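Residue strings, one per chain:
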Amino acid sequence: MPKKDKKTEASELKEKLFMKRQNTGLAMSEQDIAKADKFCEGYKAFLDTGKTEREACAEAVRLAEAAGFVPFDKNANYKAGDRVYLNNRGKAIILAVIGKKSVENGVNLVAAHIDSPRLDLKQNPLYENEGLAYFKTHYYGGIKKYQWPVTPLALHGVIYKADGSRVDVKLGEDENDPVLVVTDILPHLADEQYKRPVAKVITGEELNILIGSRPFRDDKASEAVKLGIMCILNEKYGITESDFISAELECVPAFKAKDVGFDRSMVGAYGQDDRVCAYTALEAILAIKGAPNLTAVTCLTDKEEIGSEGNTGLRSAYLKYFLYDLGAMYGVDGRTVLSNSKCLSADVNAAFDPTFSEPFEKLNASFAGRGVVITKYTGARGKSGTNDSSAEYVSEIRQMLDKDGVIWQTGELGKVDFGGGGTVAMYIANLDINTIDVGVPVLSMHAPFEVTAKNDVYMAYKAFRTFFKN
Ligand code: MN
Ligand code: MN
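Computed from a predicted model, the values in this text were never measured in an experiment.

Caption draft 1: How the structure looks around the coordination of the manganese ion (ligand 1). The protein atoms that coordinate the manganese ion (ligand 1) are His113 (NE2), Asp273 (OD), Asp347 (OD) and Asp347 (OD), at distances spanning 2.1 to 2.6 Å. Here the manganese ion (ligand 2) and the manganese ion (ligand 1) are spaced 3.3 Å from one another, each receiving a donor from Asp273. Linking Asp273 in helix 7 (residues 272-286) with Asp347 in the loop between strand 15 (342-345) and strand 16 (349-350), this pair joins segments that are 74 residues apart in sequence. Residue Asp347 is classed as buried on the basis of its relative accessible area, which comes to 7%.

Caption draft 2: How the structure looks around helix 6 (residues 224-237). The end-to-end C-alpha distance of helix 6 is 20 Å, a good match for the 20 Å that 14 residues give at a rise of 1.5 Å each. For helix 6, every residue scored as buried is listed here: Ala224, Val225, Lys226, Gly228, Ile229, Met230, Leu233 and Tyr237. Contact partners of the buried residues in helix 6: strand 5 (118-129), strand 6 (132-140), strand 8 (166-171) and strand 10 (209-212). Looking one or two residues past helix 6, Gly238 carries a phi angle of roughly 70°, positive in sign.

Caption draft 3: Examining the coordination of the manganese ion (ligand 2) more closely. For the manganese ion (ligand 2), the protein coordination sphere consists of Asp273 (OD), Glu305 (OE), Glu305 (OE) and His446 (NE2), at 2.1 to 2.6 Å. When the donors of the manganese ion (ligand 2) are listed by position in the chain, the intervening gaps give D-x31-E-x140-H.

Caption draft 4: Local environment of the sheet that holds strand 8. Pairing is antiparallel in the open sheet, where seven strands are placed in the order 8-7-11-5-6-10-9. Taken across any chain shown, the strands that pair with only one partner, and hence form the sheet edges, are strand 8 and strand 9 (181-182). Summarising the sheet, strand 5 and strand 11 (residues 247-253) pair through two bridges and their orientation is antiparallel. Across the sheet, residue Asp120 finds its bridge partner in strand 11, namely Glu250. Strand contacts of helix 6: strand 5, strand 6, strand 8 and strand 10, with the helix running at about 130° to strand 5, the strand carrying the most contacts.

Caption draft 5: The arrangement of the domain arrangement of the protein in detail. For the protein, the assigned domains are domain 1 (19-116 + 270-469) and domain 2 (118-253). Interface area for domain 1 against domain 2, summed over the two sides, is near 1,500 Å², with a carbon-plus-sulfur share of 47%. Looking only at domain 1, the three residues that lose the most surface to domain 2 are Lys51, Arg54 and Pro448, adding up to 34% of its buried area. Applying the counting criterion to the domain 1 and domain 2 interface returns four salt bridges. Among the ionic pairs, Glu173 bridges to Lys51, the shortest N-O distance being 3.0 Å.

Caption draft 6: Focus on the pattern of salt bridges. If you walk through the whole model with that rule in mind, you get 27 salt bridges. A salt bridge links Arg54 to Glu248, with the shortest nitrogen-to-oxygen separation between them at 2.4 Å. A residue pair is termed long-range when its members are at least 10 positions apart, and Arg54 in helix 4 (residues 53-66) and Glu248 in strand 11 qualify at 194 residues. Note that Glu241 is salt-bridged to Lys226, the shortest N-O span being 2.8 Å. Residue Glu241 is located in the loop between helix 6 and strand 11, and its partner Lys226 is located in helix 6; the two are separated by 15 residues in the primary sequence. The class of Lys226 is buried, set by a relative accessible area of 13%. Linked through salt bridges whose partners overlap, the residues forming this network are Glu41, Lys44, Asp259, Arg264 and Lys454.

Caption draft 7: Inspection of the packing of aromatic side chains at higher detail. On inspection of all chains with the given rule, the structure shows 15 aromatic pairs. Residues Phe72 and Tyr78 carry aromatic rings whose centres are separated by 5.9 Å and whose planes lie at 25° to one another, so their mutual orientation is stacked. A relative accessible area of 13% means that Phe72 is categorised as buried. Residue class for Tyr78 comes out buried when judged on its relative accessible area of 13%. Taking the centre distance of 5.6 Å and the plane angle of 80° together, the rings of Phe255 and Phe449 count as edge-to-face. Here Phe255 is found in the loop between strand 11 and strand 12 (258-260), whereas its partner Phe449 is found in the loop between strand 22 (441-442) and strand 23 (450-453), with 194 residues between them in sequence. Assessed through its relative accessible area of 26%, Phe255 is described here as partly exposed.

Caption draft 8: Geometry of the packing of helix 3 (residues 30-49) against helix 7. Closest axis-to-axis distance for the helix 3/helix 7 pair is 10 Å, and the angle between their directions is 125°. Considering the angle they form, helix 3 stands oblique to helix 7. Relative to helix 7, the crossing made by helix 3 is right-handed. On helix 7, the residues that touch Phe39, Gly42, Tyr43, Phe46 and Leu47 of helix 3 are Gln272, Arg275, Val276, Tyr279, Thr280, Leu282 and Glu283.

Caption draft 9: Geometry of the sheet that holds strand 15. One open sheet accounts for nine strands, arranged 1-2-3-14-4-15-21-17-19; its pairing is mixed. Of all strands in the sheet, those with a lone pairing partner are strand 1 (70-71) and strand 19 (408-410), marking the two edges. Note: strand 4 (residues 107-113) against strand 14 (residues 295-301), seven bridges, orientation parallel. Counterpart to Val110 in the pairing with strand 14 is Thr298.

Caption draft 10: Here's a closer look at the environment of Ala368. Structurally, Ala368 can be placed in the loop between strand 16 and strand 17 (372-375). Contact partners of Ala368, with chain neighbours within four places excluded, come to Ala351, Pro441, Leu443, Ala453 and Asp456.

Definitions and cut-offs
- Residues numbered from 1 in each chain as written.
- Chains lettered and ligands numbered in written order.
- Predicted model: local features only at pLDDT ≥ 70, side-chain atom pairs only at ≥ 80, totals over all residues.
- Heavy atoms only, no water.
- Donors = N, O, S within 2.8 Å, 3.2 Å for Na, K, Ca; no water.
- Helix = DSSP H or I, 4+ residues; strand = E, 2+ residues; numbered from the N terminus.
- Buried < 20%, exposed > 50% of the residue type's maximum accessible area, 1.4 Å probe, protein only.
- Expected span 1.5 Å × (residues − 1).
- Contact = heavy atoms within 4.5 Å.
- Pairing = 2+ DSSP bridges.
- Axes fitted to C-alpha atoms, helices over the stretch in contact; angles between N-to-C directions.
- Domains from an automatic or database assignment.
- Buried area = accessible area lost by both parts, 1.4 Å probe.
- Salt bridge = Lys/Arg side-chain N within 4 Å of Asp/Glu carboxyl O.
- Phe/Tyr/Trp six-rings, centres within 6.5 Å; stacked < 30°, edge-to-face > 60°.
- Parallel < 35°, antiparallel > 145°, perpendicular 65-115°, else oblique.
- Left-handed = near helix turned anticlockwise from the far one by under 90°.

Given below as structure tokens:
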């Protein structure tokens, strides 16, 4: 008997002293799991509707307006509970619900990004080679280039014609649409390709998209296939070749979001980094009823995948200007609003992959199905290029999540010196805002088909809901 008692004591102490890692599949109630499944139906629809930053922004505007948000007017006077949004050039959006307390106390900000890695068309993309027509591409964001050939691609974007009129392009998404594709060499003739280092199995200049093969029916014309394609493009979109120069055309996987697994516990789709946090952050602000304590702000930004540069990325001043305008409305210094604000930088982390465990350090990795991830720092090497959030702020956030029963885990992006990455966290923290990364663990991040666990998606939503209530 005493022996058994000792064991009980040890297990009691373990229970009390050791860090718990919860599996959402066991820790969540069946009702909550059903809610997670239902929530992810809306999430999958959002992924299918918003495959580019422009489309995700337009969908966010549509959902915001349906939920009573109106375009932000910096000369207006808003009262607590008013719902506004600012559309930044159709590629980024800021939504806010005015709080009961003055913005002198800062705002609660959740920031996610709506751009994802993809193949952009070059500005002069169209050519013909040996009777086949192609588009030249320039990849956007960090991709493993070998993952992009031989997968059906859709073309999304806008073209501005010589007269300034705009044409929207969306080809390859409808059941009856054709798709486009990058080809690869057959294994029989790949001996030389196999000798290339993996990063060069397919090179950037080999990511050429096959778009046609039938020549314009005139024996004497050269580049007859290119001409045939140009005729179709002219008929369909009213464009000429030089209009590509003022176009933004993005090739993305043509397939739709799907459930993954016999148990349907996961979502597989393109662009989950970071639309999984964008959708949850958006739904969290749309779900606010009445006036929150502090003004709630969701920012869905562009350009994160290429370093947040450009006027629709978070290294630009657009978020700061918005918060300054909000302050000015109530006679509060912009810098006071910034310094008193808090931010969850809502971005994904790498989920531990048992098949590729080597780059992960298990004690500090995040796992699919174990809840939303708090990432104190990202970066590379000696914490270079990161917002290393403070212990004080981590403490505040963990208490907040625990209090509301949000299942969360800690995460670091891989082993030390194995690579690294960053998020928008540091750019927001640079505005003197307390910031930490909070998001969903993703398997196969940046691949054409990324995987998340539905319970984690729901926990991210709950985390952002909770944050806005504080
Ligand atoms: Mn991301
Ligand atoms: Mn990314």
